[in-house]
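Next come the chains, spelled out residue by residue.
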Amino acid sequence: MDRINKDKMFTKAEMLDELRTIFLFEADHIILGAGSKMAEQFIGFPTESGEYCHMSSTLVDLRRFDISDSFDRGYDFAFRPSLTNTIEEHEVQNLIAFMEGTPRIGGVSSAGEVHDFMEPDGMCQTVADAVHARWKLEWDSVGRGSHTFTTRELALLANMTEGAVRNAMADKGENGLRAIPGSKPVRVEYDEARRWLAGRRGFVPTPQQPQLDTVLHEDLASVKTVEEFTLFMRKYINLYADLVLGHVVDSVLPDPDYEAWVDRGTFAFDVDKARRIAEGVGLDVPTFVGKALEVSLRRDASAEGGRS
């Protein structure tokens, strides 16, 4: 599902639209520091009113800005944990640095405009914080065990409010959350955070096996065409071999010509081949074989319809 908890309900599309607004405010900041021509070079279009913050965010082309890809992947990494949703360590740091550097006030004529993205619960800020929290908890093998967590980070990971996290800290029972004594602001040690999160219904850990990967199964279920099936296989099989097994695809798959089998021009349903591929990479065999049959039948029916 493309949403997070009920108190911070926003989609990836809404987050990316907020990111466009951030760039409009940054363009105004550039006007103040370097002039209109430099701002236009940055944002990609001129402003007739002399400032950008009131212009439509739909005018902003996110392809101009590298950080956009990190926010796109970061949303999935934080809120749709999967073997297929990953992010690089430098991107985690870039997201944090980017949000620290966004304007805290905007406009040119009045220089007094504010926006929700400037608040702690702004969508882009929430994604950056959630990415950092999940990275510390599950992906940072170097710093693992030494990290601590704020109530905000635990709330984002557990899909709870910060108030609920503080209530857990007040609980002295076995289900309570123990904070570091005397820490200000209040923080929780790594091992305690993992213990407590494991018992929270809202916490979704990154799956370690494809059979437990909900996002992976959702992606496979959404496939409707041979082309989509091909893309799914190439993306998943290579990632699985790299992340889970640590060796090349050739040693994973017993069928040496699987590449030819998934090519758009040569794909034909073969139950034995589909079964061997599913077994080789740990996918549910009936689901994978059924999808291979479905897309081949759709393709063949479409071709027959075109010839009639």
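This structure is a prediction, so every number in the text was calculated from the model and none was measured. (Residues numbered from 1 in each chain as written. Predicted model: local features only at pLDDT ≥ 70, side-chain atom pairs only at ≥ 80, totals over all residues. Heavy atoms only, no water.)

1. A short note on the overall build of the protein
Along its length, the protein carries 13 helices and two strands. Counting over 308 residues, the protein shows a buried share of 45%. Looking at the protein alone, contacts between residues at least 24 apart form 63% of all its contacts between residues at least 6 apart. Summed over all atoms, the accessible surface of the protein reaches about 16000 Å², with 51% contributed by carbon and sulfur. (Helix = DSSP H or I, 4+ residues; strand = E, 2+ residues; numbered from the N terminus. Buried < 20%, exposed > 50% of the residue type's maximum accessible area, 1.4 Å probe, protein only. Contact = heavy atoms within 4.5 Å. Areas by Shrake-Rupley, 256 points an atom, 1.4 Å probe, with all protein chains shown as cover.)

2. Brief notes about the nonpolar core
Residues Met15, Leu19, Phe23, Ile43 and Phe71 are the most contacted members of the largest nonpolar core, which totals 39 residues. Of all elements in the fold, only helix 1 (12-34), helix 2 (36-43), helix 3 (67-79), helix 4 (89-100) and helix 5 (123-139) reach the threshold of two or more residues within this core. Broken down by element, the residue count for this core peaks at nine residues, all from helix 1. (Core = buried A, V, L, I, M, F, W, Y, C linked by side-chain atoms within 4.5 Å.)

3. Structural notes on the pattern of salt bridges
Counting across every chain of the model gives 18 salt bridges. Of the charged contacts, one joins Lys12 and Asp76 as a salt bridge, the two residues approaching to 2.8 Å between their closest N and O atoms. One end of the pair, Lys12, is in helix 1; the other, Asp76, is in helix 3, and 64 residues separate them in sequence. By the burial criterion, Lys12 is buried, and Asp76 matches it. The salt bridge involving Arg275 is made with Glu279; its shortest N-O contact spans 3.4 Å. Pair noted here: Arg275 and Glu279 are both in helix 12 (residues 271-280), with a separation of four residues, about one helical turn. On the basis of relative accessibility, which here comes to 48%, the residue Glu279 falls in the partly exposed class. Taken together, the shared-partner salt bridges connect Lys12, Asp72 and Asp76 into one network. (Salt bridge = Lys/Arg side-chain N within 4 Å of Asp/Glu carboxyl O.)

4. Topic: the environment of Lys224
Structurally, Lys224 is set in the loop between helix 9 (214-222) and helix 10 (226-245). Residues contacting Lys224, with those up to four places away along its chain left out, are Glu294, Val295 and Arg298.

5. Focus on the packing of aromatic side chains
Taken as a whole and judged by the stated rule, the model has 15 aromatic pairs. Through pairs of rings, three or more aromatic residues link up here, namely Phe23, Phe42, Phe65, Phe71 and Phe98. Between Lys136 and the ring centre of Phe149, over which it is positioned, the NZ or CZ distance is 4.7 Å. (Phe/Tyr/Trp six-rings, centres within 6.5 Å; stacked < 30°, edge-to-face > 60°. Lys NZ or Arg CZ within 6 Å of the ring centre and 35° of its normal.)

6. With respect to unusual backbone geometry
The step from Lys184 to Pro185 runs through a cis peptide bond, and the omega angle for that step is -5 degrees. Here Pro185 shows up in the loop between helix 7 (162-170) and strand 2 (187-189). In this structure, Asn159 takes a positive phi of about 60 degrees despite not being glycine. Among the secondary structure elements, Asn159 is positioned in the loop between helix 6 (151-158) and helix 7. The partly exposed category is assigned to Asn159, whose relative accessible area is 37%.

7. Brief notes about the confidence of the model for the protein
Predicted coordinates in areas of low pLDDT are best not read in detail. Per-residue pLDDT for the protein has a mean of 86; in total, 86% of the residues score no lower than 70. Low confidence marks residues 1-7, where pLDDT is under 50. Its contacts with residues over four positions away, or in another chain, come to 20 contacts. (pLDDT = per-residue confidence, 0-100.)

8. Some points on a nonpolar patch on the surface
Residues Phe269, Val271, Leu293 and Leu297 make up a contiguous nonpolar surface patch of roughly 320 Å² in combined accessible area. Mapping Leu297 onto the fold places it in helix 13 (residues 285-307). (Patch = residues over 30% accessible without salt bridge, like charges linked within 9 Å, V, L, I, M, F, W, Y side chains within 5 Å.)

9. A few points about the side chain of Glu51
Structurally, the position occupied by Glu51 is in the loop between helix 2 and helix 3. Of the side chains with opposite charge, Arg104 comes closest to the buried, unpaired Glu51, at an N-O distance of 18 Å. Polar side-chain contacts of Glu51 include one of 3.2 Å to the backbone nitrogen of Ser109. With near-sequence residues (within four places) excluded, Glu51 lies in contact with Asp28, Ile31, Gly107, Val108 and Ser109. (Lys, Arg positive; Asp, Glu negative; His and termini not counted. Polar contact = N/O pair within 3.5 Å; in protein donor to acceptor, adjacent residues only side chain to side chain.)

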